[in-house]
Amino acid sequence: MREPPRDLETIERWLQAVITEPAGIVAGLASEEAQRNIDVSAEQIEKIVTRSNTLTATQRLAIYGHAYFARNVCAPSFRFCYTRSMRSFSISLLLNI
Amino acid sequence: MNSARLGHPNLGLGVGLRNVHFGFILDNSPPVDWFEIISENFMDSGGRPRYLLDQIAERYPIVMHGVSLSIGSTDPLNFHYLRKLKLLADQIGALWISDHLCWTGVMGANTHDLLPVPMSEESLSHIVRRIRTVQDFLGRPLILENPSTYITFADSTFTEWEFFSRMAEEADCGLLLDVNNVYVSSINHEFDPVEYIESLPHERIVQFHLAGHTNYGTHLIDTHDGPVIDAVWELYRLADKTTEGASTLLEWDGKIPDFATLHAEVLKAREHINVQSNEGFTAVLPEVSEVVTAAISNPIHFMIPDAQ
């Protein structure tokens, strides 16, 4: 049965918690902050984020997760990151979710 | 019925202003039609960067493009940011102000990323309300861009183009159509980019973006670090035809070439303006002959020279 949609604030808090977890997306899904907003495991993730023909939902989330990591490693003091070009770093890490 | 481009002029072919080119531009006054600046790069900076920008703004039309408005966030709007944005726009005579349909953080955090929102009724009404507030504050229409995205939400009930169309009409705002982003997202999310472009309210499209991207075999990433590919030029041709033309800007943020190469790339748009044919376009993930790994192509190194 399809679950009712989550409210926008809940989804945003959940996504931020998931992609900013230093230990990766799976750990992010299990984090206290993520679970407080949406109690979903890696196995159930497609209830929230869809997969594509080529990437799982977790791999897709990792594009944002690794980009966050890359920015904070590369430029920790950088206030205004023009970030659309920063996700390429994530690719080599994509399989190490 | 709105006038084309919400009444804004078609400025022609411009490029993103990046600091590595400041000296060349001031010394040579190249025949570029206009420049777009990243708003945040100048909002808090005085001194030499602002002095150079003021000189360039005396010679060329300037528009402002932001990355931190966070119009989709459920945090309160940042009026401190908006005050600085408005002040800069007034001081340099910016013709319009754009940002992205995205959110950058919640609970006071800033991820410095352009994060997607679910395409839902709730998101739409939330964002429309905020756009109206921002427009009232700035005293001018806001122009919002479609970002490249890498996830979609199970709760979405609209296509992206349906969302953009309704958002633009209900908020009475303008659109910045990033043609490369349409292509990147169409591959990543398996939708038809032609239907996307044809479905938008064309009279609200004030500006186009063009850029290069990187093909990782399983998906595309919007890297802004190379030339525009042929498939994106094809979509640009369609966008130009359906809108009857709009200000066109090339973004190049990684592996930035010399100014002549940058300018030559955007001038290729001339070959695609006022061209009628767009038959048979299909967006498919092209084969890659070489797997790209660990290519860190980002603008950090020119924005903060001491970054490693």
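Keep in mind that what you see is a predicted model, and the values were worked out from it rather than measured. (Residues numbered from 1 in each chain as written. Chains lettered and ligands numbered in written order. Predicted model: local features only at pLDDT ≥ 70, side-chain atom pairs only at ≥ 80, totals over all residues. Heavy atoms only, no water.)

### What about the overall build of chain B?
As a reminder of what qualifies: Secondary structure is summarised from DSSP: a helix means a run of H or I of at least four residues, a strand means a run of E of at least two, and numbering begins at the N terminus for each. Remark: exposure states derive from per-residue accessible area (1.4 Å probe, protein chains only) relative to the maximum for the residue type, with buried under 20%, exposed over 50%, and partly exposed in between. In what follows, residue pairs with any heavy atoms lying within 4.5 Å of each other are defined as contacts.
Broken down by element type, chain B carries 11 helices and 10 strands. When burial is assessed residue by residue, chain B has 62% of its 308 residues classed as buried. Restricting to contacts in chain B with at least 6 residues of sequence separation, those with at least 24 account for 81%.

### As for the sheet that holds strand 2 (residues 34-38) of chain B
Residues and elements named next belong to chain B. How we decide: The pairing criterion is simple: DSSP has to find at least two bridges between the two strands. Between N-to-C directions, angles span 0 to 180 degrees; the directions come from axes that are lines fitted to C-alpha atoms, helices contributing only their stretch in contact.
Pairing in this closed barrel of eight strands is parallel, and the strands run 1-2-3-4-5-6-7-10 around the ring. Taken pair by pair, the neighbouring strands of this sheet meet at an average axis angle of 30°, ignoring direction. Bridge analysis of strand 7 (residues 205-210) against strand 10 (residues 247-250) gives four bridges, and the strand direction is parallel. Looking at the pairing, Gln207 lines up with Ser247 of strand 10. Contacting strand 5 (142-145), strand 6 (174-178) and strand 7, helix 7 (residues 179-189) runs over the sheet at an angle of about 65° to strand 6.

### Brief notes about the confidence of the model for chain B
All names here are of chain B. Basically, it comes down to this: Confidence of the prediction at every residue is given by pLDDT, a number between 0 and 100.
The share of residues in chain B with pLDDT of 70 or more is 89%, and the mean pLDDT across the chain is 91. Here residues 289-308 scores under 50 on pLDDT; set against residues more than four positions off or in separate chains, the count is 43 contacts. In the predicted assembly, ipTM is 0.90 and pTM is 0.89.

### Quick word on the pairing of strand 4 (residues 97-100) of chain B
Consecutive side chains along a regular strand alternate between the two faces of the sheet. Residue and element names in this part refer to chain B. The line we're drawing: Seen with the strands pointing away from the viewer, any crossover whose path from the first strand over the helix to the second strand runs clockwise is right-handed.
Neither face of strand 4 is left uncovered, since the one carrying Ile97 and Asp99 and the one carrying Ser98 and His100 both have all their residues buried. With helix 4 (residues 79-92) bridging strand 3 (residues 62-65) and its parallel neighbour strand 4, the resulting β-α-β unit is right-handed. The pairing of strand 4 with strand 5 spans four bridges and is parallel. If you follow Asp99 over to strand 5, its bridge partner there is Leu144. The parallel pair strand 4 and strand 5 is bridged by helix 5 (residues 121-138), and the resulting crossover is right-handed.

### Concerning helix 3 (residues 47-59) of chain B
All names here are of chain B. This is how the line gets drawn: Expected span, for any helix, means 1.5 Å times one less than how many residues it has. Directions are taken from the helix axis to each C-beta atom, and the arc is the one they span.
Between its first and last C-alpha atoms helix 3 spans 19 Å; for 13 residues at 1.5 Å apiece the expected length is 18 Å, and the two agree. Arg50, Leu52, Leu53 and Ile56 are the residues of helix 3 that are buried. Down the axis, helix 3 shows its buried residues gathered within 160° of arc, on one side only. Across from the buried face of helix 3, at angles greater than 90 degrees, the exposed residues are Gly47, Arg48, Tyr51 and Glu58.

### What about the pattern of salt bridges?
All names here are of chain A. For clarity, the cut-off: Here a salt bridge means any side-chain nitrogen of Lys or Arg lying within 4 Å of a carboxyl oxygen belonging to Asp or Glu.
Counted according to the given criterion, the structure contains 13 salt bridges over all chains. Notably, a salt bridge pairs Arg13 with Glu9, separated by 3.1 Å at the nearest N-O pair. With Arg13 and Glu9 both in helix 1 (residues 8-19) and four residues apart, the pair spans about one turn of that helix. Judged by relative accessible area, which is 27%, Arg13 ranks as partly exposed. Residues Glu46 and Arg51 are paired through a salt bridge, measuring 3.8 Å at the closest nitrogen-oxygen approach. Look at the salt bridges and you will find they share partners, linking Glu32, Glu33 and Arg36 into a network.

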